[in-house]
Amino acid sequence: MKRISLAECLASADDTKGMFVKEGALEEIPALLGRYFAGDSGEIPPLFLAADENTWRAAGEELERILRASALAVNGSYIFPAAGLHGDYALVEKLAALMKERRGNGNLVPVAIGAGTINDLVKCAAADCGLPYCCLPTAASVDGYTAPGAALLRNGFKQTVPCAAPRLVAADTRVLANAPAFLSSSGYGDLAGKLIAGADWIIADRLYALDPSVPGLMPVNDRAWTMVQVPLREELAAASGAAAGDKDAGGVLFEALGITGFALQYMKDSRAVSGCEHMWAHVWEMENLRCRGETVTHGHKVVMGSLAAAAFFECLFSGDLPEEQKVPSAAEREAQVEAAFSDDPLAAEAAKKTALAKLLDGEKRRSFAAAIRSVWKELDGALKRQLPSYGELRDMFVKARCPVLPQETGLSKKRIIASARKAQMIRVRYSVLDLAFDLGVFDAILSRIEESDVYLA
Ligand SMILES: [Zn+2]
């Protein structure tokens, strides 16, 4: 299938007008700012630089030198302490107040120098001020750079706050190559998760053709699919050296992650980039998963979610389907949600609504399950073309220096399996977990994973 070029991706992105991934992009920043931020008079508004202590050292200091030698003015900067920095909405408010003060009655171009957290803080603060901003990434660590919306902690809840993606992204591959290895391997994990997201979308597409009234199904959107899925295997192969500091691999990884963000800007829905592997990750984000005292990165959670999902697919589609078990009634389902989220009553309330919204009642569930069985072979074929085997996926992660053992991310096999139950309760988006649930084999598949010494070990 034909690929969609970066230029074509940009043409259908709402917010982002330019993305440059190359060695020496830092030196070109003054010219790029001129191209994307100059007003009618040709004048570039003064800049406001935001970074943390680490990312300032990684790229901010050099940028400051480059700017000093140019005609561009800097009107303020803010460097966050690096220790314990996270996407807290209070920091957005602080940053936005500073920008407003600096801006006065004039204009300002915020420049985010950093990885996911700094970018999210600046993205949201810039949007609060009604200003388009420039992103200067210091690590190919997440797909969120070019996505609309920022992942922030607000009123005690992690949520995606809607805000525009950057107008300009300029990634210097020399800077990306110097990023800590765990950040690059996190980006690799976030990208590899798209294999699973694609498999879930194939399920949602085929089942939509059977019965569009079932919640969470969605036909494949050709353009978004082509952007994300068509180049994916090649990108993953070319990006595996990113964590080892290979400049070209880091560049491939950043551009691939960026393009998945453009698919999001185009579709205004995360279906193209997120499936059940992200639902596992969200469960661990809600639980604030930590390992050796540090919060586990989003991308490493996606790695473990992808491995769990790959095991689930393999157990569901290899051999005969397990015998159908009783699917719970609404009252039984409520009790299951309460038991799964017994430590978090607020999350339990939200999950109850979601789980009940997608619970099919008796007759409908039975006829839907029969319809699924009638297309099983075709579905199996399409999924086997989309997905690497569990072993292949694990090898890809090892090569890219990602964690592959549960304990490397503070998890255990038992906890990953328990998290599958929660993952199936927190989103209506149809995934392989729902497929197994509607077939009445969800618990039996989890038992197959648990009993095997191949998976998650
Ligand atoms: Zn992600």
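Computed from a predicted structure; not experimentally measured.

Visitor: Give me the side chain of serine 12: which residues, what numbers.
Guide: Mapped onto the elements of the fold, serine 12 is located in the loop between helix H1 (6-11) and strand S1 (18-22). Given the relative accessible area of 17%, serine 12 is considered buried. In this structure the side chain of serine 12 is engaged in a polar contact, spanning 3.1 Å, whose partner is the side chain of arginine 223. With near-sequence residues (within four places) excluded, serine 12 lies in contact with Arg223, Met227 and Tyr266.

Visitor: Mind laying out the sheet that holds strand S8 (residues 168-172), listing which residues take part and the relevant values?
Guide: With parallel pairing, the 6 strands of this open sheet are ordered in space as S1-S8-S5-S4-S2-S3. Edge positions in the sheet fall to S1 and strand S3 (74-80), since each has one partner strand and no second. Ignoring which end each strand starts from, the neighbouring axes of this sheet average 15° apart. For strand S2 (residues 47-52) and S3, the ladder comprises 5 bridges, and the chain directions are parallel. Looking across to S3, one finds that alanine 50 is bridged to tyrosine 78. Sheet strands touched by helix H3 (residues 53-68): S2, S3, strand S4 (109-114) and strand S5 (134-137). Its angle to S2, the strand with the most contacts, is close to 150°.

Visitor: Can you break down the domain arrangement of the protein residue by residue, with the values?
Guide: Under the domain assignment, the protein is made up of domain 1 (13-177) and domain 2 (181-220 + 272-451). Look at where the C-alpha atoms of domain 1 and domain 2 centre, and you get two points 34 Å apart. Facing 7 residues of domain 1, the contacting portion of domain 2 comprises 9 residues. Remark: the boundary between domain 1 and domain 2 carries 1 salt bridge. With a shortest N-O distance of 2.6 Å, lysine 194 and aspartate 143 are connected by a salt bridge. In this assembly, domain 1 and domain 2 are joined by 3 residue pairs in polar contact (both at pLDDT 80 or more).

Visitor: Outline the layout of surface pockets, supporting the account with residue identities and numerical values.
Guide: Within this model, the second largest pocket holds a volume of roughly 300 Å³. Every residue lining the second largest pocket is counted, 13 residues in all, and those nearest its centre are Trp225, Gln229, Val230, Arg385 and Gln386. Taken together, the elements giving at least two residues each to the lining of the second largest pocket come down to helix H7 (181-210), helix H8 (222-229), helix H9 (232-238) and helix H16 (376-386). Residue composition of the lining of the second largest pocket, by class: 8 nonpolar, 2 polar and 3 charged.

Visitor: So, helix H17 (residues 390-399): which residues are in play, and what are the values?
Guide: Regarding H17, the residues found buried are Tyr390, Leu393, Met396 and Phe397. What you see down the axis of H17 is that its buried residues fit within an arc of 125°, all on one side. With respect to the buried face of H17, the exposed residues turned more than 90 degrees away are Asp395 and Lys399. Taken together, the buried residues of H17 touch H7, H9 and helix H12 (298-317). A positive phi of about 65° marks arginine 401, the residue just after H17.

Visitor: Now, about the coordination of the zinc ion: what can you tell me, with residues and values included?
Guide: Listed as protein donors to the zinc ion are Asp190 (OD), His278 (NE2) and His298 (NE2); their distances from the metal cover 2.1 to 2.2 Å. Read in sequence order, the donor residues for the zinc ion give the motif D-x87-H-x19-H. Residue aspartate 190 is located in helix H7, and its partner histidine 298 is located in helix H12; the two are separated by 108 residues in the primary sequence. The class of histidine 298 is partly exposed, set by a relative accessible area of 22%.

Visitor: Give me the lowdown on the side chain of threonine 260, citing residues and values where you can.
Guide: With respect to the helices and strands, threonine 260 occurs in helix H10 (residues 247-267). Residue classification places threonine 260 among the buried positions, given a relative accessible area of 2%. Residues contacting threonine 260, with those up to four places away along its chain left out, are Asp143, Leu191, Lys194, Val228 and Val273.

Reading the values: the criteria
- Residues numbered from 1 in each chain as written.
- Predicted model: local features only at pLDDT ≥ 70, side-chain atom pairs only at ≥ 80, totals over all residues.
- Heavy atoms only, no water.
- Helix = DSSP H or I, 4+ residues; strand = E, 2+ residues; numbered from the N terminus.
- Buried < 20%, exposed > 50% of the residue type's maximum accessible area, 1.4 Å probe, protein only.
- Polar contact = N/O pair within 3.5 Å; in protein donor to acceptor, adjacent residues only side chain to side chain.
- Contact = heavy atoms within 4.5 Å.
- Pairing = 2+ DSSP bridges.
- Axes fitted to C-alpha atoms, helices over the stretch in contact; angles between N-to-C directions.
- Domains from an automatic or database assignment.
- Salt bridge = Lys/Arg side-chain N within 4 Å of Asp/Glu carboxyl O.
- 1 Å grid on protein atoms, 1.4 Å probe; cavity = no way out; pocket = protein on both sides within 12 Å on 5 of 7 lines; lining within 4 Å.
- Points joined across faces, edges and corners; volume = space filled by probe spheres on them.
- Nonpolar A, V, L, I, M, F, W, Y, C, P; charged D, E, K, R; others polar.
- Arc of directions from axis to C-beta.
- Donors = N, O, S within 2.8 Å, 3.2 Å for Na, K, Ca; no water.

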